Amino acid sequence: MPDALIDVDAVRLSYGARCILDGVSASVIAGQTVALLGPSGGGKSSLLRCINGLNHFDAGRIRVGEHTLLPNGAENSRATRGAVHRLAGMIFQDFQLFPHLTALGNVMEAPVHVLKSPKAAAREQGLALLERVGLADRADFYPRQLSGGQKQRVAIARALAMEPQVLLCDEITSALDPELKIEVLETLEHLQNTGLTLLMVTHEIGFARRAADQVMILADGKIIERGPPSEVLDRPQTERTKQFLSQVLG
Ligand SMILES: Nc1ncnc2c1ncn2[C@@H]1O[C@H](COP(=O)(O)OP(=O)(O)O)[C@@H](O)[C@H]1O
Ligand SMILES: [Mg+2]
């Protein structure tokens, strides 16, 4: 697929004797939003971590932009891993903000320390990003002074500060109350409209239906189904997907 920004090809991953990813192939087209769904323990987080270079894998290959990660990590140069890590920003359920830094400090941290951007430029960019996620008035607040939804929006701004080509979101609304979920999901939809590519692990079926271009179901170590939300969510082809959806939809 020429336009794919991420191309995962026959990736296998085992922890000890347990096979978690059993030949996963998947792709994400630039500018699209892909929702990754599947049962707990099915390997969704592991797959995102492989794509972002945080996890080694045992077989297959993963291309992100122009960079290809090979199995076992040994052959991946530091430069390749660094490049992949930058292209694919990751956000987690528990925010992982630096508690001793303000919202703006969190957003400026990587540009200043990793990219060696001048502080004034990083500050200007940081303020613009906080404005993009609707937090211009919270720049000087510490994480403990922010709601969960605000913390997650700071985490989004912090990831965007590295100018990634894709954001990998791992259940980023799972820890939030319903109204805070909505503000984070609305922020993502706003970013989608600016052309950002998203690969999201989520249990928000309503969001997936509304905002995803593609839905992928990861179960039993494989992508068992993929397609537009109207197909996968409303007309699932496999019993496994039907069973999973009936559990999440309650
Ligand atoms: N570092 C690890 N070492 C051993 N087992 C792990 C490790 N990380 C995850 N696992 C196991 O791999 C399986 C898949 O985990 P995970 O990728 O977190 O699934 P999901 O995100 O779909 O819930 C789980 O059984 C989990 O316990
Ligand atoms: Mg997970």
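Now for a description of the structure that goes with this document. If you're wondering where the values come from, they're calculated on a predicted model, not measured in any experiment.

A separate point is the sheet that holds strand E8 (residues 197-201). The mixed open sheet is built from six strands, whose spatial order is E6-E7-E8-E3-E9-E10. One side of each edge strand has no neighbouring strand; the edge strands of this open sheet are strand E6 (88-91) and strand E10 (222-227). On average, adjacent strands in this sheet sit at an angle of 20° to one another, irrespective of strand direction. Relative to E10, strand E9 (residues 214-219) runs antiparallel, the two sharing five bridges. Paired with Val 215 across the two strands is Gly 227, which belongs to E10. In the packing of helix H1 (residues 44-51) onto the sheet, contacts are made with strand E3 (33-37), E6, strand E7 (166-170), E8 and E9, and the angle to E7 comes to roughly 155°. Sheet contacts for helix H9 (residues 239-249): E9 and E10; angle to E9, the most-contacted strand, approximately 100°.

Once that is clear, we can look at the sheet that holds strand E5 (residues 67-69). With antiparallel pairing, four strands are arranged side by side in an open sheet as E2-E1-E4-E5. Among the strands making up the open sheet, the edge pair consists of strand E2 (18-29) and E5. Strand-to-strand twist across the sheet, computed as the mean angle between neighbouring axes with direction ignored, equals 20°. Two strands pair when backbone bridges link them, and strand E1 (residues 4-15) and strand E4 (residues 59-64) are joined in this way by five bridges, in the antiparallel orientation. From the neighbouring strand, Asp 7 faces E4, where its bridge partner is Arg 63. Its contacts with the sheet place H1 against E1, E2 and E4, and it is angled at close to 120° to E1. Packing against the sheet, helix H2 (residues 78-87) makes contact with E4 and E5, and its axis sits at approximately 110° to E5.

So, how was this worked out
Residues take numbers from 1 onward in each chain, read along the sequence in its written order. Naming scheme: in the order in which they are written, chains are lettered from A and ligands are numbered from 1. At least 70 in pLDDT is required for a residue's local features to be given in this predicted model, at least 80 for side-chain atom pairs to be given and counted, and no such filter applies to totals for whole chains, interfaces and linings, which use all residues. The rule for pairing is simple: two strands pair if DSSP sees at least two bridges between them. To qualify as a helix, a DSSP run of H or I must reach at least 4 residues; to qualify as a strand, a run of E must reach at least 2; elements of each kind are numbered from the N terminus. Axis definition: a line fitted to C-alpha atoms, limited for helices to the stretch in contact. Angles are taken between N-to-C directions and run from 0 to 180 degrees. Whether two residues are in contact depends on their C-beta atoms, placed from the backbone: they are in contact if these lie within 7 Å.

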